[in-house]
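Observations on the three-dimensional arrangement
If you want the building blocks of each chain, they are given just below.
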Amino acid sequence: MILAESTRHRGLTDDATVPYDEKSAFLMRIAYLECFSGISGDMFLGALVDAGVPAEVLEKAVAALGVGAKLEVCKVVRSGISATKVDVWVDGEKDMPREEYWSKHDAEHGHSHAGEHSHHDHSHPHDHSHGENAHKHEDSHRGLTEIRKIITGADISASAKATAIRIFEALAAAEAKVHNVPVESIHFHEVGSVDAIVDIVCAAVGIEALEADDIVCSPLNVGGGTVKCAHGAFPVPAPATIELLKNAPVYSSGVQAELVTPTGAAIAATLANRFGQFPELKIKTSGYGAGSRDFAGHPNVLRIVIGDALPVVTAKTARETVSVLEANLDDLNPQVFGYVMDRVMEEGALDVFGMPVQMKKNRPGTLLTVLCKPEDANKLTQLVFSETTTLGVRRRDEARQTLARRWESVSTEWGEVRIKIASMNGTVTNYAPEYEDCRRIATEHHVPLKTVMQEATRAYVAGAKH
């Protein structure tokens, strides 16, 4: 996750919630990808530049790869929307849309690719029918190992290298699944081409430069129709795209074109922490990345919106796992039930309680619930079996958050009483006199229990004011 790697959060703990105040405040920066026209590598790069990532940052990353590529960045208009277009040039040739490439390739070679299955071509092209890189070099048969070496040897940050490699590995895993071959045996002459490496590495470098703490992706418009690949025409989305977008929300607006490409899908699936609707945030900037095609009445752009999450005052709490033991009892003597509650507390339970329930055959019964540490669960289960009439005990583990707590003693005219104090973010939220202390004093001094409790509470409040 980007959040876990962000330097903006160094020094924070693994608490479930994080304190916010004027002295020690941080604002989480959110990047929201709006894929109403899908997503592709060049569209993503264009959106980053349009949102404020300097083009020089991406150009420097391309130069660091040493693969003979360069970027061309320009402003274009898509259905009335001004957007940034990023193209990759390799050896003096610009990338082209997927179908244009294969149509040109078929014309030059005089055949169709349908049915081919070369050992060196286990991948559908990553380039888009609406704008991702599609320039291919017949001798660029790269495997995942070689791609890792190229990325590892580049003069970019270690985190950007790791992100780029994760994107490529996601893409390779999808292709391997589609073609039923081991990942490391795949040799890409398509997604391993220079322009694909440039797209993915620049995506990793660009998102790092954006300094987003959280990346959210909208449902993806995948498009429709068919797309020509190395092995013939396939319905949209392409097989690898479907594999990459498992568990992601997708739809089609009816546009008959490939809107989400395998590379775009790999970028979204790898970078996004979650998929969802527009998050609550204070918008700071936005950017539009253009695809190559210009559809009538449909802006072929990817929008990225950058903003700060609205600050929320939350509690810094401790997190732990507790075991919950439950048993339904409909034939147990009520006197025994009280004894069982005492026994489980004596044996280390964190809490125990009973609730009336209506059981089968219309029998009134009691639901016994025991909270305990996981390491005590087996011992307490055996106790419930031996002390009650139940034939089964259910167990589950749950997360529990607790406020910070401490004990203080106050003096009353009858003796010392302990006060349990709970606090949230350093502020006292609850306090109560210890029942057993008050009960003992009431019994020994023949004073009403409520009087002892009231006096202990008054003594604590009076001391706290001073």
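Residues numbered from 1 in each chain as written. Predicted model: local features only at pLDDT ≥ 70, side-chain atom pairs only at ≥ 80, totals over all residues. Heavy atoms only, no water.

**Overview of the overall build of the protein chain**
- Of the regular secondary structure elements, the protein chain holds 13 helices and 21 strands.
- Of the contacts formed within the protein chain by residues at least 6 apart in sequence, a portion of 73% connects residues at least 24 apart.
- Approximately 22400 Å² of the protein chain is accessible, and the part contributed by carbon and sulfur atoms is 52%. (Helix = DSSP H or I, 4+ residues; strand = E, 2+ residues; numbered from the N terminus. Contact = heavy atoms within 4.5 Å. Areas by Shrake-Rupley, 256 points an atom, 1.4 Å probe, with all protein chains shown as cover.)

**Section: the pattern of salt bridges**
- On inspection of all chains with the given rule, the structure shows 21 salt bridges.
- Notably, a salt bridge pairs Arg363 with Asp330, separated by 3.3 Å at the nearest N-O pair. Here Arg363 is found in the loop between strand E16 (351-358) and strand E17 (364-372), whereas its partner Asp330 is found in the loop between strand E15 (318-329) and helix H10 (334-346), with 33 residues between them in sequence.
- According to the relative accessible area criterion, Asp330 is partly exposed, its value standing at 25%.
- For the salt bridge of Glu455 with Arg458, the shortest nitrogen-to-oxygen distance reads 2.7 Å. Here Glu455 pairs with Arg458, and both are found in helix H13 (residues 449-465), just 3 residues apart, close to one helical turn.
- Owing to a relative accessible area of 47%, Arg458 belongs among the partly exposed residues under this scheme.
- Among the ionic contacts, a cluster of salt bridges with common partners joins Glu326, Arg394, Arg396 and Glu398. (Salt bridge = Lys/Arg side-chain N within 4 Å of Asp/Glu carboxyl O. Buried < 20%, exposed > 50% of the residue type's maximum accessible area, 1.4 Å probe, protein only.)

**Points about H10**
- If you check H10, its first and last C-alpha atoms are 19 Å apart, about what 13 residues at 1.5 Å a residue would give, namely 18 Å.
- Within the sequence span of H10, burial applies to Phe337, Val340, Arg343 and Val344. On an axial view of H10, the arc spanned by its buried residues comes to 125°, and they lie on one face. For H10, the exposed residues lying more than 90 degrees away from the buried face are Gln335 and Glu346.
- Looking at the buried residues of H10, the elements they touch are E15, E16, E17 and helix H11 (377-387).
- Where H10 begins, the side chain of Asn333 points an oxygen toward the backbone nitrogen of Gln335, at a separation of 2.8 Å.
- Following H10 by one or two positions, Gly348 adopts a phi angle in the positive range, close to 110°. (Expected span 1.5 Å × (residues − 1). Arc of directions from axis to C-beta. Polar contact = N/O pair within 3.5 Å; in protein donor to acceptor, adjacent residues only side chain to side chain.)

**Some remarks on the confidence of the model for the protein chain**
- When the pLDDT values of the protein chain are averaged, the result is 83; 81% of them are 70 or greater.
- Per-element confidence in the protein chain ranges from a low mean pLDDT of 35 for helix H1 (residues 2-5) to a high of 98 for strand E8 (residues 220-221).
- Within the model, pLDDT remains below 50 along residues 1-25, and this stretch shows 46 contacts once partners closer than five positions in the same chain are excluded.
- This model gives residues 109-139 a pLDDT under 50, and the stretch forms 149 contacts once residues within four places in sequence are excluded. (pLDDT = per-residue confidence, 0-100.)

**Overview of the side chain of Glu326**
- Following the sequence through the fold, Glu326 ends up in strand E15.
- Only 3.3 Å separates the side chain of Glu326 from the side chain of Arg396, close enough to count as a polar contact.
- Ignoring sequence-local partners within four residues, the contact set of Glu326 consists of Leu367, Leu368, Thr369, Gly392, Val393, Arg394 and Arg396.

**Details of the sheet that holds E15**
- Judged by pairing direction, the sheet is antiparallel, and its 4 strands sit side by side in the order E16-E17-E15-E18 without closing on themselves. Across the chains shown, the open sheet's two edge strands, defined by having one partner strand only, are E16 and strand E18 (394-402). Pairwise comparison of adjacent strand axes, ignoring direction, gives a mean angle of 30° for this sheet.
- By the bridge criterion, 9 bridges tie E15 to E18 in an arrangement that is antiparallel. Residue pairing for E18: Ala318 is matched across the bridge by Thr402.
- Docked against the sheet, H10 engages E15, E16 and E17, running at close to 150° with respect to E16.
- Against the sheet, H11 makes contact with E15, E17 and E18, and its axis sits at roughly 15° relative to E15, the strand it touches most. (Pairing = 2+ DSSP bridges. Axes fitted to C-alpha atoms, helices over the stretch in contact; angles between N-to-C directions.)

**Focus: the nonpolar core**
- Formed by 67 residues in total, the largest nonpolar core has its most connected members in Phe44, Val198, Leu220 and Ile304.
- For this core, the element with the highest residue contribution is helix H7 (residues 194-210), accounting for 11 residues.
- The residues contacting Phe44, other than those within four sequence positions of it, are Leu33, Ile39, Ala203, Ile207, Ile267, Leu271 and Leu302.
- By size, the runner-up hydrophobic cluster in this structure holds 16 residues, among which are Ala327, Val352, Val370 and Cys372. (Core = buried A, V, L, I, M, F, W, Y, C linked by side-chain atoms within 4.5 Å.)

**Considerations on the packing of aromatic side chains**
- Under the criterion given, the structure shown has 2 aromatic pairs.
- Relative to Phe278, the ring of Tyr32 has its centre 4.8 Å away and its plane inclined at 50°; by these criteria the two rings are tilted. With Tyr32 in strand E1 (residues 29-34) and Phe278 in the loop between strand E12 (274-275) and strand E13 (281-290), this pair connects stretches of sequence that are 246 residues apart.
- Residue classification places Tyr32 among the buried positions, given a relative accessible area of 3%.
- Residue Phe278 is classed as partly exposed on the basis of its relative accessible area of 39%.
- For the pair Tyr431 and Tyr460, a centre-to-centre distance of 4.9 Å together with 45° between the ring planes defines the contact as tilted. You can see Tyr431 sitting in strand E21 (residues 427-433) and its partner Tyr460 sitting in helix H13, a full 29 residues away along the chain.
- Stacked on the ring of Trp407, the Lys or Arg Arg418 has its end atom at 5.3 Å from the ring centre. (Phe/Tyr/Trp six-rings, centres within 6.5 Å; stacked < 30°, edge-to-face > 60°. Lys NZ or Arg CZ within 6 Å of the ring centre and 35° of its normal.)

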